[in-house]
Amino acid sequence: MARLAWPDLRNARDVGGVPTTGGGRVRERALIRTDNHRRLGAAGLAALRAYGVSRVLDLRWRSEAQADPSPLAADPSYRLVPACFDPTGDEDIPPDSYRLMVDASRDRLAAAFTAIAQAPPGGVVVHCHAGRDRTGVLVALALHVAGVPVDAIAADYALTVNSPPFMITNTWDHLHARYGGVTAYLLGSGVTPAHLRAVRARLT
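Residues numbered from 1 in each chain as written. Predicted model: local features only at pLDDT ≥ 70, side-chain atom pairs only at ≥ 80, totals over all residues. Heavy atoms only, no water.

Notes on the sheet that holds strand 6 (residues 123–127)
- Read from one edge to the other, the open sheet built from six strands follows the order 1-2-3-6-4-5, with strand pairing classed as mixed. The sheet terminates laterally at strand 1 (2–3) and strand 5 (78–80), the two strands that pair on one side only. (Pairing = 2+ DSSP bridges. Helix = DSSP H or I, 4+ residues; strand = E, 2+ residues; numbered from the N terminus.)

Observations regarding the packing of aromatic side chains
- Inspection of the entire model under this criterion finds three aromatic pairs.
- When the ring of W6 is compared with that of Y51, the centres are 5.4 Å apart and the planes differ by 75°; the resulting orientation is edge-to-face. Of this pair, W6 sits in the loop between strand 1 and strand 2 (13–14) while Y51 sits in the loop between helix 1 (42–50) and strand 4 (53–58); the two residues are 45 residues apart in sequence, bridging distant segments of the chain.
- Between Y98 and Y157, the ring centres sit 6.1 Å apart and the planes meet at 85°, which makes this aromatic pair edge-to-face. Here Y98, found in the loop between strand 5 and helix 3 (99–104), pairs with Y157, found in helix 6 (residues 150–157); they are 59 residues apart in sequence, far enough to count as distant. (Phe/Tyr/Trp six-rings, centres within 6.5 Å; stacked < 30°, edge-to-face > 60°.)

A short note on the state of the cysteines
- According to the stated counting rule, one finds zero disulfides in the structure shown.
- Looking at C84, it has no disulfide partner, and the nearest cysteine sulfur is the one in C128, 8.5 Å off.
- Residue classification places C128 among the buried positions, given a relative accessible area of 2%. (Disulfide = S-S within 2.5 Å. Buried < 20%, exposed > 50% of the residue type's maximum accessible area, 1.4 Å probe, protein only.)

Describing the pairing of strand 6
- Summarising burial for strand 6: five of the five residues are buried, a large majority.
- Neither face of strand 6 is open: one carries G123, V125 and H127, the other V124 and V126, and all of them are buried.
- One ladder, built from four bridges, connects strand 3 (residues 31–34) with strand 6; its direction is parallel. Counterpart to T34 in the pairing with strand 6 is H127.

Brief notes about helix 1
- Here helix 1 has its buried residues at G44, L45 and L48. On an axial view of helix 1, the arc spanned by its buried residues comes to 100°, and they lie on one face. Counted as exposed and oriented over 90 degrees from the buried face of helix 1: A42 and A50.
- Downstream of helix 1 by one or two residues, G52 has phi in the positive range, about 85°. (Arc of directions from axis to C-beta.)

Quick word on the nonpolar core
- Among the nonpolar cores identified, the biggest contains 51 residues, and L31, F113 and I116 are the most heavily contacted of them.
- The element that contributes the greatest number of residues to this core is helix 5 (residues 133–145), accounting for eight residues.
- In this view, L31 contacts R13, D14, V15, I116, V124, V126, V139, A142 and L203; residues no more than four positions away in its chain are not counted.
- Within the second largest apolar cluster, 15 residues are counted, among which are W6, L40, Y51 and V125. (Core = buried A, V, L, I, M, F, W, Y, C linked by side-chain atoms within 4.5 Å. Contact = heavy atoms within 4.5 Å.)

Details of the packing of helix 6 against helix 7 (residues 166–179)
- It is at 8 Å that the axes of helix 6 and helix 7 come closest, and there the two elements cross at 140°. Viewed along their axes, helix 6 and helix 7 adopt a mutual orientation that is oblique. Contacts from V150, I153, A154 and Y157 in helix 6 reach M167, I168, T169 and W172 in helix 7.
- Residue classes in the contact of helix 6 with helix 7 are distributed as seven nonpolar, one polar and no charged. (Axes fitted to C-alpha atoms, helices over the stretch in contact; angles between N-to-C directions. Parallel < 35°, antiparallel > 145°, perpendicular 65-115°, else oblique. Nonpolar A, V, L, I, M, F, W, Y, C, P; charged D, E, K, R; others polar.)

Brief notes about the pattern of salt bridges
- The final tally for this structure, using the stated rule, is ten salt bridges.
- For D103, the salt bridge identified is with R178, shortest N-O distance 2.8 Å. Of this pair, D103 sits in helix 3 while R178 is found in helix 7, placing the two residues 75 residues apart along the sequence.
- Beyond isolated ion pairs, a larger network of salt bridges with shared partners links R13, R33 and D156. (Salt bridge = Lys/Arg side-chain N within 4 Å of Asp/Glu carboxyl O.)

Pasting the structure below:
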């Protein structure tokens, strides 16, 4: 779980090193989470490319991306994959979990998860606006599939400012109660077993 000193970004870290069950670790330079890229200048863009990034997933709403375009919008690595419906999402987050987001935006989150699975070899950068809510949920889903226990997922999530770990643990409780588990939620939302295997292989 290395914070990255990429110029112009305030919340960038590699989730590599997060522990998995059985004593393993998530692979480094496989999944990176950041805040939005509107401040990225030449030095920041060079640092991102030098890290071996092959795909940048922008989880913001289309209206956000149109109003504040990414400097990577024309880059072949860039994909805009809104992770939740506008305005459902950041404006409708209860103080205790992401249950409204995961319920209302199942197909969007599944599409974003699938985009990680289908990314070319190399690092995948995931970001929304602040790199906390939409990014946090998608990264948490990917870490689960990689075999990371919920307490370790919540601990990684909490490294972002104003991100209490109970947001993840409560969301996981909700997914278990309503959908029969996190993996069942993903499969019922449109993610295929092949996508699960691809994300697990990428991260481990």
